[in-house]
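Coordinate analysis (summary)
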Amino acid sequence: MELYNETKNNYNGASTHLELFGLLDLGCIYCLCIYSVKCKNDLYYTKKSLKCVNCGRESIIPIIPNSLLVKNFYTNKERLDAIQHLKSDMYPSSKL
């Protein structure tokens, strides 16, 4: 559940990372994807929480140094597996 908490109020940390490094990876729990953005105009958000460009849901985890996706999982495959596990807990009836 700690990983789920990273989907809320995450715009500021993601935006700062993007400004510093010029690239930001984002993982969507609902779409089960990881994608990159290169500029702030590509960050969609409402009330300080990032939204997915594919599904429009607030189910984004920014992959930044203080994220559990970075601390506990080292490859994108491991990160996608963690995201898939979280999705099955959050959206058990989803067919995506």
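Keep in mind the model is a prediction, meaning the values are calculated, not measured.

Once that is clear, we can look at the pattern of salt bridges. When the charged atoms of two side chains lie near each other, side chains of opposite charge can form a pair. Going through the model one piece at a time under the given rule, you end up with two salt bridges. A salt bridge links E19 to K40; the shortest N-O distance between them is 2.9 Å. Of this pair, E19 sits in helix 2 (residues 11-21) while K40 is found in the loop between strand 2 (33-37) and strand 3 (44-46), placing the two residues 21 residues apart along the sequence. Classification of K40 as partly exposed rests on a relative accessible area of 36%.

What follows concerns helix 2. The complete set of buried residues in helix 2 reads Y11, A14, S15, H17 and L18. For helix 2, the arc enclosing every buried residue in end-on projection is 160°, short of the 170-degree limit, so these residues lie on one face. Within helix 2, the exposed residues directed more than 90 degrees away from the buried face are E19 and L20. Two residues or fewer after helix 2 comes G22, characterised by a positive phi angle close to 75°.

A sheet is described by the order of its strands in space; here three strands give the open sequence 2-1-5, paired in antiparallel fashion. In this open sheet, the two strands that pair with only one neighbour each are strand 2 and strand 5 (60-63). Adjacent strand axes in the sheet meet at a mean angle of 30°, parallel and antiparallel pairs treated alike. Here five bridges tie strand 1 (residues 24-28) to strand 2, and the two strands are oriented antiparallel to one another. Residue D25 lies in a different strand from strand 2, and its bridge partner there is S36.

This part covers helix 4 (residues 76-90). The end-to-end C-alpha distance of helix 4, which contains 15 residues, comes to 20 Å, matching closely the 21 Å that a straight helix rising 1.5 Å per residue would cover. Structurally, helix 4 contributes buried residues whose contacts are with helix 1 (2-5), strand 1, strand 2, strand 5 and helix 3 (68-71).

The residue N10 is located in the loop between helix 1 and helix 2 in this model. Polar contacts involving the side chain of N10 include one to the main-chain carbonyl oxygen of T7, which spans 3.4 Å. One polar contact links the side chain of N10 to the main-chain carbonyl oxygen of I60, over a distance of 2.9 Å. Among residues more than four places away in sequence, those in contact with N10 are K48, S49, L50, I60 and P62.

The rules we used
- Residues numbered from 1 in each chain as written.
- Predicted model: local features only at pLDDT ≥ 70, side-chain atom pairs only at ≥ 80, totals over all residues.
- Heavy atoms only, no water.
- Salt bridge = Lys/Arg side-chain N within 4 Å of Asp/Glu carboxyl O.
- Helix = DSSP H or I, 4+ residues; strand = E, 2+ residues; numbered from the N terminus.
- Buried < 20%, exposed > 50% of the residue type's maximum accessible area, 1.4 Å probe, protein only.
- Arc of directions from axis to C-beta.
- Pairing = 2+ DSSP bridges.
- Axes fitted to C-alpha atoms, helices over the stretch in contact; angles between N-to-C directions.
- Expected span 1.5 Å × (residues − 1).
- Contact = heavy atoms within 4.5 Å.
- Polar contact = N/O pair within 3.5 Å; in protein donor to acceptor, adjacent residues only side chain to side chain.

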